[in-house]
Amino acid sequence: MRWVVSVKGVLIVRGAVLLCLNDRGEWELPGGQLEDGERPRETVVRELAEETALHVRAGRLLLADTFEVVPGRTVLIVAYECASDGDLAVTVSEEHQALRWTPLDELDAVALPEIYRRAVRAV
């Protein structure tokens, strides 16, 4: 079995985490699939630039665990703490319906899979 690896970024600024709305109506962390020859830290930097137009640095590893995204499709989620020194204006890519900065104290009210909550809590 060949695992699909999805590398996610946890970017928290002023008490809010950046989330993306996917086509299943769920909020998720920005990020995406590890490409051949790419290191996970490179993936998260590339994916955040593609999905949000933000330039980030990958920090410490927060989580590595399996997640059944939809019935019968399990992926390995790898999440990194991220930081940005630049402009925090985000642009929604074609991959998502919306982006939002979600206050950490409102995270439990958001339709967000538990694996991503665990990654945010690990910061």
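Residues numbered from 1 in each chain as written. Predicted model: local features only at pLDDT ≥ 70, side-chain atom pairs only at ≥ 80, totals over all residues. Heavy atoms only, no water.

Colleague: Go over the side chain of Glu38, please, and point to the residues and values.
Modeller: Here Glu38 shows up in the loop between strand 4 (31-33) and helix 1 (40-52). Accessibility expressed as a relative area gives 17% for Glu38, which makes it buried. If near-sequence neighbours (up to four positions away) are discounted, Glu38 is found in contact with Gln33, Thr43 and Arg46. (Helix = DSSP H or I, 4+ residues; strand = E, 2+ residues; numbered from the N terminus. Buried < 20%, exposed > 50% of the residue type's maximum accessible area, 1.4 Å probe, protein only. Contact = heavy atoms within 4.5 Å.)

Colleague: Tell me about the nonpolar core, and name the residues and values.
Modeller: Ranked by internal contacts, the top residues of the largest apolar core, which has 20 residues, are Leu19 and Leu29. Excluding residues that lie within four positions of it along the chain, Leu29 makes contacts with Lys8, Gly9, Val10, Val17, Leu18, Leu19, Tyr116, Ala119 and Val120. Within the second largest apolar cluster, 14 residues are counted, among which are Val13, Val44, Tyr80 and Leu99. (Core = buried A, V, L, I, M, F, W, Y, C linked by side-chain atoms within 4.5 Å.)

Colleague: Can you tell me about the pattern of salt bridges, naming the residues and giving the values?
Modeller: Counted according to the given criterion, the structure contains 13 salt bridges. Between Glu35 and Arg46 there is a salt bridge, with its nearest N and O atoms 3.6 Å apart. With Glu35 in the loop between strand 4 and helix 1 and Arg46 in helix 1, the pair connects residues that are eleven residues apart, well separated along the chain. The class for Glu35 is partly exposed, based on a relative accessible area of 45%. Taking the relative accessible area as the measure of exposure, Arg46 reaches 17% and is therefore buried. Close ionic contact of Glu47 with Arg46 constitutes a salt bridge, the shortest N to O distance being 3.0 Å. (Salt bridge = Lys/Arg side-chain N within 4 Å of Asp/Glu carboxyl O.)

Colleague: Got a sec to walk through the packing of aromatic side chains? Specific residues and values, please.
Modeller: Tallied over the entire structure, the rule returns one aromatic pair. Between the aromatic rings of Phe67 and Tyr116, the centroid separation amounts to 5.7 Å while the plane-to-plane angle is 65 degrees, which identifies the pairing as edge-to-face. Of this pair, Phe67 sits in strand 5 (residues 57-70) while Tyr116 sits in helix 2 (residues 114-121), and the two are 49 residues apart along the sequence. Look at Phe67 and you get buried, because its relative accessible area is 16%. The ring of Trp27 has Arg100 lying over it, and the distance from NZ or CZ to the ring centre is 5.2 Å. (Phe/Tyr/Trp six-rings, centres within 6.5 Å; stacked < 30°, edge-to-face > 60°. Lys NZ or Arg CZ within 6 Å of the ring centre and 35° of its normal.)

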